[in-house]
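Here is how the chains run, residue by residue.
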Amino acid sequence: MTLTKNRNRRVSGAPRPARLGRLFTGLIFVFLYAPIFVMIVFSFNDAKSRTLWSGFTTRWYAELLEDTTILNSLYTTLSVAVLSALIATVVGTAAAIGIHVMRGPRRTVMLNLNNIPVVSPDIITGVSLRMLFVALLGFLAIFGLNFRLGFGTLLLSHITFCIPYVILSVLPKLSQMGKHIYEAALDLGATPRRALGRVVLPEILPGVISGALISFTLSIDDFLISYFTAGNTSQTLPMVVYAMTRKRLSPKINALSTLMFVSVLALLILINVFQARQDKKRRQGDTAKTRL
Amino acid sequence: MSRRLALPYAFWMALFVVAPLVIVLFYALTTEAGGFGLENFIKLQVYVPVFLRSLWLAFIATVLCLLIGYPAAYILSRETPSVQNSAILLMMLPMWMNFLLRTYAWMSILEDQGLINNLLRSLRLPALNMINTQGAVVLGMVYNYLPFMILPIFTIIQKIPPSMTEAAQDLGANSRRVFRRVVFPLSLPGVLSGVTMVFVPSVSTFVISKLLGGGKQLLLGDLIEMQFLGGAYNLHLGSMISIVMMLIVLAGIQIMNRFGSREEVALP
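Here the structure is a predicted model, which is why all the values come from computation and not from measurement. Numbers given to residues run from 1 along each chain, matching the order in which its sequence is written. Just so you know, chain letters begin at A and ligand numbers begin at 1, following the order they were written in. Predicted model: local features are reported for residues with pLDDT of at least 70 only, side-chain atom pairs are reported and counted for 80 or more only, and whole-chain, interface and lining totals are derived from all residues. No hydrogens and no water enter the side-chain calculation; it runs on all heavy atoms of the structure.

Visitor: Before we go on, may I ask you to explain the overall build of chain B in this structure?
Guide: Think of it this way: any DSSP run of H or I at least four residues long counts as a helix, any run of E at least two long counts as a strand, and we number them from the N terminus. Counting secondary structure elements, chain B contains twelve helices and zero strands. Along the chain direction, N to C, the helices and strands of chain B fall in the order α-α-α-α-α-α-α-α-α-α-α-α. The dimensions of chain B, computed from C-alpha atoms along their principal axes, are 75 × 70 × 35 Å. Residue exposure (1.4 Å probe, protein chains only): buried if accessible area is under 20% of the type maximum, exposed if over 50%, otherwise partly exposed. Taken over 268 residues, chain B has a buried fraction of 50%. Across chain B, the fraction of contacts at a sequence separation of at least 24, relative to all contacts at a separation of at least 6, is 69%. Note on areas: Shrake-Rupley with a 1.4 Å probe; residue coverage comes only from the protein chains shown. Counting every atom, chain B has about 12800 Å² of accessible surface; 66% of that belongs to carbon and sulfur. When checking whether two residues touch, look at their non-hydrogen atoms; a contact exists if any pair is within 4.5 Å.

The structure is reproduced here in structure tokens:
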């Protein structure tokens with residue numbers, strides 16, 4: 001029975017490599033998700049052990065929500081992410097427009113400099129910014145202005161590593177736009193500022209938005225650069241997580257991971273549903289047009 | 001649209017991108033005692049083993065990612081679009097969690113009293129020593145950076161127009177030949193960016209080696225962290241290590257780009 005089944009399948013054109021291939025990709029997904037699954041299961045474990053199961057509990061979640069260090073760091077992370085995404089998007093979009101109209105060596109220099117934070121390892125960016133801040137703060141201290149590494153330096157570093165990504169996502173939109181649109185707006189009597197705001201900006205908006213989103217996620221996710229530039233007055237969530245992993249104790253970290261995983265999952269599903277709905281609308285619009 | 005709009009950013013870069021590197025370079029070339037020269041560079045010979053270990057482990061991780069990631073990307077590219085979309089989404093999902101949490105999860109799987117060893121013990125099998133080994137560090141790198149290999153390769157294979165492979169088939173190439181002569185050469189730019197995106201963070205990590213290597217497998221990242229924030233506080237030496245690492249990474253990217261541009265075939 002099984003023999004004929006196998007033979008049938010092979011004849012009917014489901015080639016073996018495809019199934020082997022699916023098995024292979026399936027195994028990759030098992031590899032990617034196994035640790036996450038383990039964390040989720042052990043976030044409900046009623047013991048401090050990370051590996052021995054001893055009953056169901058939700059107390060780690062309760063403790064997590066009362067942990068002021070974690071809540072404060074969450075607040076720091078989110079405010080740095082929002083502020084740096086905002087500032088990086090404004091500065092980066094303006095810079096992208098400026099770079100777009102540049103020609104020759106000036107443009108090359110700008111683009112190469114822009115690439116430095118993108119290609120250099122995060123640890124180098126972190127270390128070099130730390131050196132700059134220490135030097136600058138030392139300089140300010142001469143004038144009796146005593147600042148320390150903290151929220152300010154954290155924010156400045158996040159803006160610095162976010163701007164390049166905004167530029168890289170806005171520039172292609174600018175080249176797609178074609179230069180005549182802006183000139184047409186000027187010919188029709190718009191002031192340069194008005195043409196920029198009413199014609200160019202709407203045209204490149206998708207790039208601006210994706211730049212802002214990239215900045216936001218990069219900022220939330222960053223550990224290395226924050227680790228070197230935040231000092232010890234403000235801590236981001238990844239920094240607190242790092243300190244927790246060094247202590248190797250608390251199952252709270254599993255609870256935190258689970259919450260993060262669930263919120264990311266929810267966000268992705270939401271985005272997908274939203275996109276699917278938009279696609280559907282667009283398709284309906286298209287069919288309506290063809291009917292006309 | 002005036003180029004003056006880029007002016008604020010030009011100042012920003014001068015202050016926050018160029019100046020920091022100049023400071024690091026300055027520190028690298030000077031010593032605590034006020035000397036100027038390559039003294040710190042000569043001191044680096046003690047750390048040659050660390051450099052070699054870092055490069056070697058990052059190299060192995062990159063090769064493994066390529067060996068696993070390329071077939072995966074290729075198989076994915078032959079699935080239907082809806083399967084592709086969900087697969088890509090599933091692949092991105094773990095990446096959106098902080099990599100510290102992902103690496104931490106492996107600790108509880110690999111450690112001596114961990115899940116794998118508990119399982120082995122319950123089966124009356126001898127326990128394995130997995131945590132704090134080079135293997136664990138490489139595993140952490142592959143786990144964290146594998147999607148960075150798969151995604152660019154997948155994107156570029158998908159962009160290869162079916163007419164190209166069909167033309168090769170019409171001209172009598174079998175599927176193996178089509179892959180070797182058409183698909184693979186056209187996918188090389190994706191491979192190159194994947195390799196960079198895995199190698200650079202692997203060679204500079206200190207978190208993975210701390211968590212999964214237990215501090216016993218010192219890497220370049222650990223070395224730098226120790227000089228700036230840790231016990232071995234020496235800004236001058238740390239700066240020199242950073243500069244050398246940066247040069248190694250840039251040289252690697254340069255070599256790969258040259259190798260890539262020779263092979264590069266313009267896609268329509």
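What follows picks up the thread again.
Visitor: Explanation requested: the packing of aromatic side chains in the structure shown.
Guide: Residues and elements named next belong to chain B. Here a pair means two rings of Phe, Tyr or Trp (six-membered ring of Trp) with centres within 6.5 Å. Their orientation is stacked below 30 degrees between planes, edge-to-face above 60, and tilted elsewhere. According to the stated counting rule, one finds 25 aromatic pairs over all chains in the structure shown. With a centroid separation of 6.1 Å and 20° between ring planes, the pair formed by Tyr145 and Phe148 is classed as stacked. With Tyr145 and Phe148 both in helix H7 (residues 134–159), this residue pair falls three residues apart, about one helical turn.

Visitor: I keep staring at empty space enclosed by the protein and nothing clicks. Help me out?
Guide: Detection works on a 1 Å grid of protein atoms alone, calling trapped sets that fit a 1.4 Å probe cavities and calling open sets with protein on both sides within 12 Å along at least five of seven lines pockets, with lining residues defined by an atom within 4 Å of a point. Grid points are joined across faces, edges and corners, and a volume is the space filled by probe spheres set on the points. All chains considered together, the criterion is met by three cavities of 30 Å³ or more. Space inside the largest cavity adds up to approximately 80 Å³. Taken together, Ile116, Pro117, Ser120, Ile124, Thr125, Ser128 and Thr160 of chain A together with Phe16, Val17, Pro20 and Leu21 of chain B form the lining of the largest cavity. Taken together, the elements giving at least two residues each to the lining of the largest cavity come down to helix H5 (104–119) and helix H6 (122–142) of chain A together with helix H1 (7–28) of chain B. Per-element accounting of the lining of the largest cavity gives the leading share, four residues, to H1 of chain B. All amino acids are sorted into three groups, where Ala, Val, Leu, Ile, Met, Phe, Trp, Tyr, Cys and Pro are nonpolar, Asp, Glu, Lys and Arg are charged, and the leftover types, Gly among them, are polar. Considering only residue class, the lining of the largest cavity consists of seven nonpolar, four polar and no charged.

Visitor: How should I be thinking about the side chain of Lys252 of chain A in this particular structure?
Guide: Residue and element names in this part refer to chain A. Residue position: Lys252 is located in helix H12 (residues 252–291). The exposure class of Lys252 is buried, given its relative accessible area of 15%. Under the rule applied, a polar contact is a pair of N or O atoms within 3.5 Å (in protein, one hydrogen donor and one hydrogen acceptor; residues adjacent in sequence only if both atoms are side-chain atoms). One polar contact links Lys252 to Asp67, side chain to side chain, over a distance of 3.0 Å. Ignoring sequence-local partners within four residues, the contact set of Lys252 consists of Trp60, Glu63, Leu64, Asp67 and Met244.

Visitor: Can you walk me through the packing of helix H4 (residues 81–95) of chain B against H7 of chain B in this structure?
Guide: Think of two packed helices as two axes; the pair is described by the angle between the axes and how far apart they sit. Residue and element names in this part refer to chain B. Fitted lines through C-alpha atoms give the axes, limited to the stretch in contact for helices. The angle between two N-to-C directions lies from 0 to 180 degrees. The interhelical angle for the contact between H4 and H7, taken along N-to-C directions, is 155°, at an axis separation of 10 Å. In this view, H4 runs roughly antiparallel relative to H7, as classed from their interaxial angle. Every pair of crossing elements has a handedness; the one defined by H4 and H7 is left-handed. Between H4 and H7, the residues in contact are Gln84, Ile88, Met91, Met92 and Met95 and Pro147, Phe148, Ile150, Leu151, Phe154 and Gln158, respectively. Looking at side-chain class alone, the contact of H4 with H7 contains nine nonpolar, two polar and no charged residues. If an angle is under 35 degrees, it is roughly parallel; if it is over 145, roughly antiparallel; if it lies from 65 to 115, roughly perpendicular; otherwise it is oblique. For any helix crossing, the convention is left-handed if the near helix is rotated counterclockwise from the far helix by under a right angle, and right-handed if that rotation is clockwise.

Visitor: Is there a simple way to explain the confidence of the model for chain A in this structure?
Guide: Caution applies to low-pLDDT regions: their predicted coordinates should not be interpreted in detail. You can read pLDDT as the predictor saying how much it trusts each residue, on a scale of 0 to 100. For chain A, mean pLDDT is 86; residues scoring 70 or higher make up 91% of the total. Across residues 1–16 of chain A the pLDDT falls below 50, and counting only partners more than four positions away or on other chains, this stretch makes three contacts in the model.

Visitor: Just to check I follow, could you spell out a positive patch on the surface for this structure?
Guide: All names here are of chain A. The patch calculation keeps residues exceeding 30% relative accessible area without a salt bridge and links them within 9 Å when they carry like charges or within 5 Å when they are nonpolar (Val, Leu, Ile, Met, Phe, Trp, Tyr). Each reported salt bridge corresponds to a side-chain nitrogen of Lys or Arg within 4 Å of a carboxyl oxygen of Asp or Glu. Neither His nor the chain ends is counted toward charge; the positive residues are Lys and Arg and the negative residues Asp and Glu. Charge placement uses NZ in Lys and CZ in Arg. For Asp and Glu, CG and CD serve respectively. A contiguous patch of positive charge, built from Arg277, Lys280, Lys281 and Arg283, is present on the exposed surface. Note on placement: Lys280 falls in helix H12. For Lys280, a relative accessible area of 51% translates into the label exposed.

Visitor: It is not clear to me how unusual backbone geometry should be interpreted in this structure. Could you clarify?
Guide: Glycine aside, residues mostly have negative phi, and peptide bonds are mostly found in the trans state. All names here are of chain B. The phi torsion at Arg124 lies on the positive side, around 60°, for a residue other than glycine. By secondary structure assignment, the location of Arg124 is in the loop between helix H6 (115–122) and H7. Positive phi outside glycine occurs at Asn132, with the angle close to 65°. Among the secondary structure elements, Asn132 is positioned in the loop between H6 and H7.

Visitor: Teacher, can you tell me more about the confidence of the model for chain B here?
Guide: All names here are of chain B. Of the residues in chain B, 97% have a pLDDT of 70 or more, and the chain-wide mean is 89. Here helix H12 (residues 235–263) stands out as the element of chain B with the lowest mean pLDDT, 85, in contrast to H1, whose mean of 96 is the highest. Here residues 263–268 scores under 50 on pLDDT; set against residues more than four positions off or in separate chains, the count is nine contacts. Confidence estimates for the predicted assembly give a pTM of 0.87 and an ipTM of 0.89.

Visitor: Any chance you could explain the environment of Pro71 of chain B here in plain terms?
Guide: By secondary structure assignment, the location of Pro71 of chain B is in helix H3 (residues 48–77). Spatially, the C-alpha atoms of Pro71 of chain B and Ala33 of chain B are 55 Å apart, while their sequence positions differ by 38 residues. If sequence neighbours within four positions are ignored, Pro71 of chain B has contacts with Phe24 of chain A together with Leu66 of chain B.

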